Structures are given as C-alpha cells and as structure tokens.
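Inside the fold
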Amino acid sequence: MSQAQIISGKTLAATVVETVKQATARLIAQTGIIPGIAVVIVGEDPASQVYVRSKGKRAEECGFLSRTHRLDAGTSEADLLTLVESLNADAAIHGILVQLPLPQHISEEKIVESILPEKDVDGFHPINVGLLSSGNRSRAMIPCTPAGSLMLAKQALGENLSGLNAVVVGRSNIVGKPMAALLLQESCTVTIAHSRTREIEALCRNADLLVAAVGRPQMINAGWIKPGATIIDVGINRVDAPEKGEGKTRLVGDVDFDAALGVAGAITPVPGGVGVMTIAMLMANTAIAAARAAGRADLEPDLSL
Ligand code: NDP
C-alpha cells in the first residue's frame, strides 16, 4: 500500500501568515489602524515561555504591534484582572491572550471571562463559544487550534467535508469541543470520543477524518485507522529519546506516526503540523479583531474558513 500524504503545517502556516500580512498592510493603508496583540504570561513554565516567544516573533513578522507582559508566578488574581481591564480599555490592543495554564491560585475561568469577547483571540470566552456553537462564525472568534486543524483537514480533503464521518478524540474546551462544533458546521457526521468511550478503537476505525486531541503519546496506532483516512494529530507530547543521547527528549503526537503512514490517506506530522498552524491562526484572529474594531469586516484576512 502507498504511503500517506504528509500534510505540512509549515507550508500552510506560511500561506496563512502571508495572507495576514497582506490584510494587515491593507488595513493600515486604508484605516491607519495597526493590529495590536498583548500576550500575558504568568510564571516560568518553560513550554509556555517557548510558545509566547514564538507568538511575539510571528506578530512582529505580520506587522502588528506586539506586547508581552511577563508576570511572576506569585502575581495575584486581582492584579491580573486589573491588567486585563487595562488591556480591554487600550484602543491600540485588539487581541488579548493570557497564556494557559495559570498558576493554581488564579481562576482561569474568571480571567478568560474578564477579556472582552471581541479581543478574545483565543476564542475561549463563553460568548465566543456560544457564537461558534450557534453557527455565527462571522462574529465569533474561533479557537486557534481547531481552526488550524480544520484548514489542515481541508488541505487533504478539499473544501467540501459534507457527509464525512469525523471522530474527534478528546472533549476539552480548548480543542475537542470547538473542533467538533466546526466539523458539524462543515456537515460532517461528528462523534466525540473520550476516556469513557466504549470500543473506541472500532469507533475510530470508522472515521474518514480522525482528529486526535488526547495528550497520550502515540496512543492511536494502525489498528484504529480506516484505510485512506485523514488524520489530524493535535497531540504534543514530550517523551524520552535515549537514541539522541542521555537525558534527551523529543516531541511526538497522539498518533503513532510511522505506523499510521502505511494505513492513512493523509496525516499531519508532530512537530510541523497543528502546532505551527495554531500560532498562524492566532495572527489571523488578531488581524480579524482589528478589522472588526475598525468596522471594516471587508479587510479581514480571507482564509475561507
Ligand atoms: P485535555 O487533557 O484537556 O483533554 C484530553 C482529552 O482526551 C479529554 O477529553 C480526555 O477524556 C481524553 N482522553 C484522555 N485519555 C484518553 C483515553 N485513553 N482514551 C480516550 N480519550 C482520552 O487536553 P487538551 O485538549 O488541552 O490537549 C490535548 C493534546 O493536544 C495535548 O497533547 C496537548 O499538548 C495538545 N495541544 C496541542 C495544541 C497545538 O497547538 N497543537 C494546542 C492545545 C493542545 P476525559 O474528558 O474523559 O477525561
């Protein structure tokens, strides 16, 4: 059997960033408004630090005003709320992202709900969740990881996903649930699987489109995959890599990539798949938020989402 097509997140993310750059240049030329993004990080979590640095770099590349607020791990919830309020009121900032996870003593729910929905470029505010699930994509901010995953799926399957059996493994608020909502709007027949799902392997084997967002290294192997299926691997798991030397690690997805290559029709790699798309979609959301704030929805980047 032939090998699966590898869907490159890097290539697609570069296209998205290019589209965002052009839309930003048009927005600036026609309205004088420069999209502004504020990224807030509390504490020293190394993975979060890496993400925040990449976000800042990408934002500058897109021509945005980019600000990073680094707060120490002991910052109080009240102080963080005050910062979010000041960013809500700041006309130069169109997108606010508070990097999760937050330290234990801060309620993520409270912080997410304190961000103005129109500046919530992560798409986690209950208003945006509601707009997405009621199908109002033109007003919603769509969470970046599912939005990027959908674009990757369309790279392999084309624009029309109507009638496909889609299985999303994982039901988190940030990936699984919004992913399922997006696929339902694409007229897929959607099943959400999770840790209590019975006969999950057989269920997944029925999927034309399988989205894995579990957080368990290489859990999904060849036996879970329908021949020819498209696999979107959201998982990012760090595992030991003694073959690279003592104490070394590497990143793997939730899917056993090498095993899947022989069965699937198309698959995203880890790294170089969903992760890079997530950051590109954050840039897209910031440009969208700025165009909407200017009352110029016609100047949003056109990603045909
Ligand atoms: P969560 O831990 O919030 O959710 C994991 C989901 O997987 C839960 O719904 C859980 O079920 C389900 N699950 C756990 N074990 C099993 C199992 N054995 N069988 C079936 N389902 C299971 O994770 P996230 O959604 O935040 O993230 C998932 C993965 O995606 C992680 O690897 C994360 O690092 C990665 N990620 C990647 C991003 C990117 O940009 N590429 C962005 C965000 C996340 P239950 O609800 O029943 O507990």
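Placed above this text is the structure.
Residues numbered from 1 in each chain as written. Predicted model: local features only at pLDDT ≥ 70, side-chain atom pairs only at ≥ 80, totals over all residues. Heavy atoms only, no water.

Here six strands make up an open sheet; going across it, the order is 1-11-8-7-5-6 and the pairing parallel. Looking at strand neighbours, the two that pair on one side only are strand 1 (5–6) and strand 6 (189–193), the edges of this open sheet. The pairing of strand 7 (residues 209–212) with strand 8 (residues 230–233) spans four bridges and is classified as parallel. If you follow Val211 over to strand 8, its bridge partner there is Ile232. (Pairing = 2+ DSSP bridges. Helix = DSSP H or I, 4+ residues; strand = E, 2+ residues; numbered from the N terminus.)

The subject of this paragraph is the nonpolar core. Among the nonpolar cores identified, the biggest contains 55 residues, and Val16, Leu183 and Ile232 are the most heavily contacted of them. Considering each element in turn, this core owes the most residues, 11 residues, to helix 10 (residues 274–293). Split by domain, the residues of this core number at least three in each of domain 1 (31–117) and domain 2 (144–276). Discounting residues that sit within four places of it in the chain, Ile232 has contacts with Ile7, Ser149, Leu152, Ala153, Leu209, Leu210, Val211, Ala212, Thr268 and Val274. Membership of the second largest hydrophobic core comes to 20 residues, among which are Ala4, Ala193, Ala207 and Val255. (Core = buried A, V, L, I, M, F, W, Y, C linked by side-chain atoms within 4.5 Å. Buried < 20%, exposed > 50% of the residue type's maximum accessible area, 1.4 Å probe, protein only. Domains from an automatic or database assignment. Contact = heavy atoms within 4.5 Å.)

Surveying the vicinity of the ligand reveals 22 residues, the closest of which are Arg171, Ser172, Ser195, Arg216 and Thr278. Taking Ser172, its side chain carries an N or O atom lying 2.5 Å from an oxygen atom of the ligand. In the model, an oxygen atom of the ligand is placed 3.1 Å from a nitrogen or oxygen of the Ile236 main chain. By residue number, the principal contributor to the shell around the ligand is helix 10, which donates three residues. Class assignment of the residues belonging to the shell around the ligand gives a composition of 10 nonpolar, 10 polar and two charged. (Near = heavy atom within 4 Å. Polar contact = N/O pair within 3.5 Å; in protein donor to acceptor, adjacent residues only side chain to side chain. Nonpolar A, V, L, I, M, F, W, Y, C, P; charged D, E, K, R; others polar.)

Applying the stated criterion across every chain yields a total of 12 salt bridges. Close ionic contact of Arg137 with Glu186 constitutes a salt bridge, the shortest N to O distance being 3.0 Å. Residue Arg137 is located in the loop between helix 5 (126–133) and helix 6 (144–157), and its partner Glu186 is located in the loop between helix 7 (176–185) and strand 6; the two are separated by 49 residues in the primary sequence. For the residue pair Arg137 and Glu186, the accessibility class agrees, reading buried in each case. (Salt bridge = Lys/Arg side-chain N within 4 Å of Asp/Glu carboxyl O.)

With that out of the way, let us pick up the state of the cysteines. A complete count under the given rule lists zero disulfides for this structure. Of all cysteine sulfurs in the structure, the one in Cys204 sits closest to Cys188, which takes part in no disulfide; the separation is 15 Å. With a relative accessible area of 5%, Cys188 lands in the buried category. (Disulfide = S-S within 2.5 Å.)

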